[in-house]
Amino acid sequence: MSEFSYEIVIGLEVHVQLKTKTKLFCRCRTEFGNPPNTQTCPVCLGMPGSLPVMNKKAYFLSMRTALALNCGIPKFTKWDRKNYFYPDLPKGYQTSQFDLPMSEEGYLDIKSTKDEFEPRRVRIIRAHLEEDAGKSMHDEAAGKGDSRIDLNRTGTPLLEIVSYPDMRSAAEAKAYMQELRLLLTYLDVSDCNMQEGSLRCDANVNLHITTDDGVIATPIVEIKNMNSFRSVERGIEYEAKRQYDVWQETGKVLGELPKQTRGWDDSAQVTRSQREKEESADYRYFPCPDLVPVIVTDQQIEEVRQEIGELPSALRERLQNEFGLTVYTADVIVNQGLSLVEYYLELAAAAGDNKLAGNWVQGEVLRILNDQEIEIEDFPIDAGRLAELLKLVQAGDLDSSKAKDVFAAMLTSDSSAADVIKELGIEKVDEGALEALCQVLVERNQRIVDDVKSGNEKAVGALIGQAKKENPNVNPGQVRQICLEIINNL
Amino acid sequence: MSLTRQDVEKVALLARLKFNEDGLDKMTDHMVQIIQYVDKLSELDTEDVQPMAHALDIYNALAEDEPRPSLSREDALKNAPKRDEECFRVPAVLGE
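Enquirer: I'm lost on the overall build of chain A in this one. Help?
Expert: Counting its secondary structure elements, chain A contains 15 helices and 17 strands. In summary, chain A has a C-alpha radius of gyration of 30 Å against a globular reference of 23 Å for 490 residues, an excess of more than 25%. Based on the C-alpha atoms only, the size of chain A along its principal axes is roughly 95 × 60 × 55 Å. Looking at chain A as a whole, 53% of its 490 residues qualify as buried.

Now the structure itself:
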């Protein structure tokens, strides 16, 4: 059979665990990793007669996130019961939002740092607030046919962010997840720890295949269980190939098969079939009689909007336009999180050189953070102390390799840059002495002078080497500049 | 609005209930009666009535995010038909 070209169509449903101390409808703690079934109460166990009460903080964290995603906030919102049986859902229904979600119609812009795709605005259908289920663990031991259920997580607040099927490649889906995670950390609404499940992603994927008889669409598959950015990318890539092969084999198109759910198996790097998705009507949503609706005022929405600080996309633009950083440097700094941005802003202000500060943060500072696996909060050189070093670099008192030596020494001491320079015996070479040295070198090396004169400026490098032998403290950049000037004036 | 035997079979499946033939007939009869009873409501003219989301005229019942003690694990597991030291035990969850 011949090969046809296709486009991958992807929509993502992202579940974000909100950073609250307590659950959505009861005041049990939401801490991760505690012994099983030690964080439950009659409400989250689904005991008859218990009454849920909405967590105020969960609602307002959701609103903050929705506003940052450019969503509209309806004045009136309510909660509904989504009915299905699953052992980690003790009530027999999940309290979620059906027809009147707390936010709708927003977007998130994504772009590739590696030019993998054109910049894209991914539209968001809605973000709604619902409760998490518990955890089931299959007991492999002793051949027992049971699953074990831990309900500590049951009722943890989740914000479900549903995108339109606007993404067209696995790389775009990964970029969307990364940008969303960055936004959520700037907003401080979630820990966003994918390993611990506080940020989870399901993808709805199908293909639009261009055949000889026009474009056909393959049946939609929902992929679950993608617990890292890499598995989002690989899961979607795998699924696209699988759907293409299945279509070639069976010819089945959208509408001829029910929506299927497949789980990503990270160790085998394949998706596997799970339960067939029940039709949405089978969830028999109806308004939860135990929870009263929420009504917000314009003023409340405005107050939450005011809480939102500067977000990644705006910061990137500011670092490029106001601070003159390259797209790359601005990206690197902003993508590391708000703390590093704040460090950079302080450093740039104190050093008085935006670009130099950008290069040092992106280069030396980040290298140390990565090598030592620490956060900027634990970085031993504060912005003020580093700024003193950068001022010396800027004034030409230190060349970049010496500056790195000083920087390395400052990492393990509390000394100022000036003190470290003294300790290391680095002295600034007097300008007159430097010029005299260059003069001598030029006179001593006629062949290099000829080379340079005939257009080979690189030849001057040999003079820098000689100058360093004469005096290790010379600044190579200055030697180069002075020597070239002397030669050109000959 | 009426209800067929197939509708009842489907609802029974969703509710994880099993009926024999006789039980299914009875259940269908009962449910048809209930539906017909509730159907009386559609005789009302609700043209200018706003749909309501809740029976009570109360909004914004919100609680502060302050932890309160949870049940002990012993108490939490007390009513479980099957359990071990730490967890509820249920028939194997297949799929994942």
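Anyway, onward from the coordinates.
Enquirer: Help me out: how do you make sense of the sheet that holds strand S9 (residues 146–150) of chain A in this one?
Expert: Through backbone hydrogen bonds, the strands of a sheet pair up, either in parallel or in antiparallel fashion. With respect to topology, three strands assemble into an open sheet ordered S8(A)-S9(A)-S2(B), the strand pairing being antiparallel. Strands at the two margins of the open sheet, each flanked by one partner only, are strand S8 (135–138) of chain A together with strand S2 (88–91) of chain B. Strand-to-strand twist across the sheet, computed as the mean angle between neighbouring axes with direction ignored, equals 35°. Of the strand pairs in this sheet, S9 of chain A and S2 of chain B are connected by four bridges, and their pairing is antiparallel.

Enquirer: What am I meant to see in the environment of Pro312 of chain A here?
Expert: Residue and element names in this part refer to chain A. Tracing the chain through its elements places Pro312 in helix H5 (residues 312–321). The class of Pro312 is buried, set by a relative accessible area of 1%. A C-alpha to C-alpha distance of 8.4 Å links Pro312 and Gly337, two positions 25 residues apart in sequence. Leave out the neighbours within four places in its chain, and Pro312 touches Glu179, Leu182, Leu183, Tyr186 and Val334.

Enquirer: Teacher, can you tell me more about the sheet that holds strand S4 (residues 80–83) of chain A here?
Expert: Residue and element names in this part refer to chain A. Across the sheet, which stays open at both edges, the three strands sit in the order S5-S4-S16 with antiparallel pairing between neighbours. The open sheet has two free edges, formed respectively by strand S5 (93–96) and strand S16 (286–287), since each of these has just one partner strand. Pairing of S4 with S5, which is carried by four bridges, proceeds in the antiparallel orientation. Its bridge partner being in S5, Arg81 is matched across the sheet by Thr95.

Enquirer: Explain the packing of aromatic side chains here, please?
Expert: What characterises a pair of aromatic rings is the spacing of the ring centres plus the angle enclosed by the ring planes. Residue and element names in this part refer to chain A. Scanning the model with the defined rule gives 13 aromatic pairs over all chains in all. With a centroid separation of 6.2 Å and 55° between ring planes, the pair formed by Tyr238 and Trp264 is classed as tilted. One end of the pair, Tyr238, is in helix H3 (residues 229–250); the other, Trp264, is in strand S14 (residues 260–265), with 26 residues separating them in the sequence. By relative accessible area, which is 28% here, Tyr238 ends up partly exposed. Here Trp264 falls in the buried class, since its relative accessible area comes to 3%. Among the aromatic residues, ring-to-ring pairing joins Phe4, Tyr6, Tyr244 and Trp247 into one connected group. One residue, Lys82, lies across the ring of Tyr283, its end atom 4.5 Å from the ring centre.

Enquirer: Can you walk me through the nonpolar core in this structure?
Expert: When a protein is soluble and globular, its nonpolar side chains tend to lie buried together. Residue and element names in this part refer to chain A. Counting residues in hydrophobic clusters, the biggest one holds 119 residues, and the most contacted among them are Leu12, Tyr176, Ile236, Phe379, Leu386 and Leu389. A per-element tally of this core places helix H2 (residues 170–187) first, with twelve residues. Not counting residues up to four positions away in its chain, the partners in contact with Leu386 are Tyr343, Leu347, Trp360, Val365, Ile381 and Phe407.

Enquirer: Explain the pairing of strand S7 (residues 120–131) of chain A here, please?
Expert: Residue and element names in this part refer to chain A. Across seven bridges, the pairing between strand S6 (residues 103–110) and S7 is antiparallel. Each bridged residue has a counterpart across the sheet, and for Asp109 the counterpart in S7 is Arg121. Looking at chain direction, S7 and strand S10 (residues 157–163) are connected through seven bridges and run antiparallel. Counterpart to Leu129 in the pairing with S10 is Leu159.

Enquirer: Just to check I follow, could you spell out the packing of helix H6 (residues 327–335) of chain A against helix H8 (residues 354–372) of chain A for this structure?
Expert: The axes of two packed helices give the description: the angle between them and the distance between them. Residues and elements named next belong to chain A. One can describe the packing of H6 onto H8 by two numbers: an axis separation of 9 Å at closest approach and a directional angle of 55°. Regarding the angle of H6 to H8, the classification is oblique. By crossing handedness, the relation of H6 to H8 is classed as left-handed. Contacts between H6 and H8 involve Tyr328, Thr329, Val332 and Ile333 from the former and Gly358, Asn359, Val361, Gln362 and Leu366 from the latter. Residues that form the contact of H6 with H8 fall into these classes: five nonpolar, four polar and no charged.

Thresholds, definitions, all that
Residues numbered from 1 in each chain as written. Chains lettered and ligands numbered in written order. Predicted model: local features only at pLDDT ≥ 70, side-chain atom pairs only at ≥ 80, totals over all residues. Heavy atoms only, no water. Helix = DSSP H or I, 4+ residues; strand = E, 2+ residues; numbered from the N terminus. Rg over C-alpha atoms; globule rule 2.2 N^0.38 Å. Buried < 20%, exposed > 50% of the residue type's maximum accessible area, 1.4 Å probe, protein only. Pairing = 2+ DSSP bridges. Axes fitted to C-alpha atoms, helices over the stretch in contact; angles between N-to-C directions. Contact = heavy atoms within 4.5 Å. Phe/Tyr/Trp six-rings, centres within 6.5 Å; stacked < 30°, edge-to-face > 60°. Lys NZ or Arg CZ within 6 Å of the ring centre and 35° of its normal. Core = buried A, V, L, I, M, F, W, Y, C linked by side-chain atoms within 4.5 Å. Parallel < 35°, antiparallel > 145°, perpendicular 65-115°, else oblique. Left-handed = near helix turned anticlockwise from the far one by under 90°. Nonpolar A, V, L, I, M, F, W, Y, C, P; charged D, E, K, R; others polar.

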